[in-house]
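# Observations on the three-dimensional arrangement
Each chain, written out:
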Amino acid sequence: MINLQLSGDGFVPPSTNDFNLPPIFESIEWLTKPVLLVFLSVILVSLFFVVSARKAAVVPSKLQFAGETVYAFVRNDLARDVIGPEFMRFVPYLFTLFTFVLTNNIFGIVPFLQFPAMSHVAFPYVLAAFSFFVFHYVGIRKQGLLKYLKEIAFMPGVPKPVYILLTPIEIATFFLVRPLTLSLRLFANMFAGHLLLLVFILGGEYMLSDPNLLMKILSPFAFTFGIALTFFEFMVQCLQAYIFTLLTALYIAGALADEH
Amino acid sequence: MRTFNFAAEGEALNPLVPHTSELVVGAIAFTLLFLVLRKAVVPMFEKAFAARTEAIEGGIKKAEEAQLDAQRALAQYTEQLSSAQGEASRLRDDARVQGAAILEELRTKAQEEAARITAAAHASIEAERQQAVTSLRNEVGALAVELASKIVGEALDDQARQSRIVERFIEDLEKSK
C-alpha cells in the first residue's frame with residue numbers, strides 16, 4: 001500500500017466496476033463473459049462425468065475413478081451422512097450443485113478464463129432459490145403445509161412466552177436468512193477473492209510500468225503475493241462449493257426430520 | 001481489463017442487484033446440468049457401485065461355498081476312513097473267531113479219532129483175549145484129559161462125560177486161584 005502511495009496519482013484500484021464486463025458481441029447484450037463461463041461449466045462438467053460414468057465398470061479406469069471419487073464424496077459424505085436413509089432422492093440435486101458451483105468457482109483461477117461466475121450475484125441467487133424451494137417443498141410434502149409452517153413458527157417443547165421472541169426469529173431464519181446467507185456467502189467470497197487477486201496483479205502490473213526504478217524492483221513482491229493468494233483462493237473456492245452443498249443438505253435433513 | 005470498464009463514466013453499479021439475464025441463464029444452465037447428471041451420470045455410477053458391492057459379496061459367498069464343500073469332503077473322507085478301520089477290525093475279529101472255531105473243531109475231531117482208535121484197540125484186545133481164553137480152555141481141557149487118561153489109564157471116550165470132567169476141572173482151577 002505504501003508503494004502505491006509513492007507513485008502519487010495514476011493507479012486506479014480495482015472496484016466493483018471491474019465485475020461488469022461488456023458483452024462479447026455488441027449486438028447480443030446478454031452474452032457476457034460470466035454467462036459464457038456458466039455455459040462452459042455446464043458443458044465441461046457434463047462431458048467429464050458422462051464420459052467417466054459411461055462404462056460403469058466394476059474395476060474403474062483412471063477417468064472413471066476420478067469421476068467416482070467426486071460423486072462418492074457428494075453421495076456419501078454430504079448426502080448420506082447428513083440426510084440419512086432417504087438421501088438417494090437428493091443425490092442428483094446435491095451432486096449438480098456441488099460440481100456446478102465448484103467448477104464456476106475454480107474458473108476464477110484458471111488461466112484465460114479467470115473469472116468466478118459466482119461473483120455475479122445473480123447466479124448464487126438462483127442456486128439459493130433452488131435450494132430454498134427444494135427444502136421447503138420436501139418439508140411440506142413430508143409433513144403437510146400447515147403442520148410444517150406450524151413447526152417452523154412454533155417450535156415444539158418451548159414455554160409459551162418464549163414464542164414472542166422465537167416465532168419472528170424462526171420465520172425470518174427459514175424464509176429470509178437461510179436463502180440470503182446461502183447466496184451472499186458464496187457471492188461475497190468469490191467477489192472478494194477476485195478483487196483481492198485484481199489488486200495484487202493489477203498493482204504489480206502498474207508498478208512494473210512505472211518509470212520509478214524502485215517501483216519496478218518492488219513489483220515482483222506484488223506478483224508473488226498474487227500467486228500465493230491464488231492458492232488461497234483455490235482453497236476458498238473448494239470450501240465455498242462444499243459449504244453451499246453441505247448447508248443445502250442440512251436444510252433438507254431438517255425439513256425431513258419430524259422435529260427440528 | 002480496465003479499459004473495458006463500462007461504468008467508468010457513470011456511478012458504480014450495486015453488486016448486490018442481479019442482472020435479469022443472468023438469473024435466467026443461471027436457472028437454465030443449472031437445470032440443464034441437473035438433467036444431464038441425473039439422467040446419464042448418477043444412474044451409471046450407482047450401477048457401478050451396486051455391481052462392485054455385488055462382486056465383493058459374490059466373491060465372499062463363493063469362498064464360503066468352497067469352504068463348505070471342502071468341509072463336506074473332509075467329513076466324508078474321515079467317515080470313510082473310520083468305517084474302513086471298523087471294517088478291518090471286524091474282519092480281524094471274524095478271522096480270530098473262525099480260527100478258534102476251526103481249532104476247536106479239529107481238536108474235537110482228533111479227540112474223537114483218538115477215542116475211536118482206543119476203543120477199537122480195546123475191542124480187538126478183548127476179542128483176542130477171548131479167543132486166547134477159548135483156545136486155551138480147549139487146549140488145556142484136551143491136555144488135562146490126555147494127561148488124566150494117561151495117569152488114570154482109563155479112556156474117556158464118551159464126549160459128554162469128557163466135557164463134564166473138564167468143566168469141573170476148570171472150576172476147580174478158578175476156585176483154587
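Residues numbered from 1 in each chain as written. Chains lettered and ligands numbered in written order. Predicted model: local features only at pLDDT ≥ 70, side-chain atom pairs only at ≥ 80, totals over all residues.

Per its UniProt entry, chain B bears the Sequence similarities (unreviewed entry) comment "Belongs to the ATPase B chain family." (UniProt positions renumbered as here; feature names shortened; annotations may be inferred.)

Its UniProt record, at the heading Subcellular location (unreviewed entry), says of chain A: "Membrane".

### Details of the overall build of chain A
Counting its secondary structure elements, chain A contains 8 helices and 0 strands. A compact globule built from 260 residues should have a C-alpha radius of gyration of about 18 Å, whereas chain A, at 23 Å, is more than 25% larger. Along the first, second and third principal axes, the C-alpha set of chain A runs to 70 × 55 × 40 Å. Within chain A, buried positions represent 38% of all 260 residues. Within chain A, contacts between residues at least 6 apart in sequence are counted, and of these 65% link residues at least 24 apart. (Helix = DSSP H or I, 4+ residues; strand = E, 2+ residues; numbered from the N terminus. Rg over C-alpha atoms; globule rule 2.2 N^0.38 Å. Buried ≥ 20, exposed ≤ 12 C-beta atoms within 10 Å, placed from the backbone. Contact = placed C-beta atoms within 7 Å.)

### Notes on the nonpolar core
Membership of the largest hydrophobic core comes to 62 residues, with the highest contact counts inside it found for A79(A), I83(A), L94(A), V101(A) and I252(A). Contributing elements (two or more residues each) for this core: helix 2 (33–53), helix 3 (62–83), helix 4 (91–106), helix 5 (122–143), helix 7 (163–209) and helix 8 (213–256) of chain A together with helix 1 (20–152) of chain B. Tallying contributions element by element places helix 1 of chain B first for this core, with 10 residues. Setting aside residues up to four positions removed in sequence, L94(A) forms contacts with V74(A), L78(A), A79(A), T245(A), T248(A) and A249(A). Membership of the second largest hydrophobic core comes to 6 residues, among which are I201(A), Y206(A), M207(A) and A222(A). (Core = buried A, V, L, I, M, F, W, Y, C linked by C-beta atoms within 7 Å.)

### Some remarks on the UniProt feature "transmembrane region" (unreviewed entry) in chain A
All names here are of chain A. Within the UniProt annotation, "transmembrane region" (unreviewed entry) is assigned to residues 35–53, 90–110, 122–140, 186–206, 213–233 and 239–257. With 100% helix and 0% strand, residues 213–233 has end C-alpha atoms that lie 31 Å from one another. Secondary structure within residues 239–257 divides into 95% helix and 0% strand; the distance between the first and last C-alpha atoms comes to 26 Å.

### Looking at unusual backbone geometry
All names here are of chain A. For A56, which is not glycine, the phi torsion reads 50° and is therefore positive. On the basis of neighbour counts, which here come to 20 C-beta atoms within 10 Å, the residue A56 falls in the buried class. The residue F112 is not glycine, and still its phi comes out positive at about 75°. Structurally, F112 is set in the loop between helix 4 and helix 5.

### Focus on the interface of chain B and chain A
Tallying the contact residues gives 37 residues for chain B and 42 residues for chain A. Its residues assigned to classes, the side of chain B that touches chain A shows 28 nonpolar, 4 polar and 5 charged. (Nonpolar A, V, L, I, M, F, W, Y, C, P; charged D, E, K, R; others polar.)

### Things to note about the confidence of the model for chain B
Residue and element names in this part refer to chain B. The share of residues in chain B with pLDDT of 70 or more is 88%, and the mean pLDDT across the chain is 85. The model gives residues 1–10 a pLDDT under 50, and that stretch makes 13 contacts with residues more than four places away or in other chains. Listed scores for the predicted complex are pTM 0.71 and ipTM 0.88. (pLDDT = per-residue confidence, 0-100.)

### Looking at the UniProt feature "coiled-coil region" (unreviewed entry) in chain B
Under the present numbering, the feature "coiled-coil region" (unreviewed entry) in UniProt falls on residues 60–120 of chain B. Secondary structure within residues 60–120 of chain B divides into 100% helix and 0% strand; the distance between the first and last C-alpha atoms comes to 89 Å.

### Side note on the environment of P159(A)
Residue and element names in this part refer to chain A. Examined against the element boundaries, P159 turns out to sit in the loop between helix 6 (145–153) and helix 7. Given 7 C-beta atoms within a 10 Å radius, P159 is considered exposed. Here the alpha-carbon distance between P159 and P92, two residues 67 residues apart in the chain, equals 40 Å.

### Some details on the UniProt feature "transmembrane region" (unreviewed entry) in chain B
Look at the UniProt record and you will see "transmembrane region" (unreviewed entry) annotated at residues 20–37 of chain B. From the first C-alpha to the last, residues 20–37 of chain B spans 26 Å; its make-up is 100% helix and 0% strand.

### Here we look at the packing of helix 4 of chain A against helix 8 of chain A
Residue and element names in this part refer to chain A. Contact pair helix 4 / helix 8: the axes reach a minimum separation of 8 Å and the direction vectors enclose 160°. Considering their axes alone, helix 4 and helix 8 lie roughly antiparallel with respect to each other. Our pair here, helix 4 against helix 8, has a crossing hand that is right-handed. Every residue of helix 8 that contacts helix 4 at L94, L97, F98, V101, L102, N105 and I106 is listed here: Q237, C238, Q240, A241, F244, T245, T248 and A249. Split by residue class, the contact of helix 4 with helix 8 holds 10 nonpolar, 5 polar and no charged. (Axes fitted to C-alpha atoms, helices over the stretch in contact; angles between N-to-C directions. Parallel < 35°, antiparallel > 145°, perpendicular 65-115°, else oblique. Left-handed = near helix turned anticlockwise from the far one by under 90°.)

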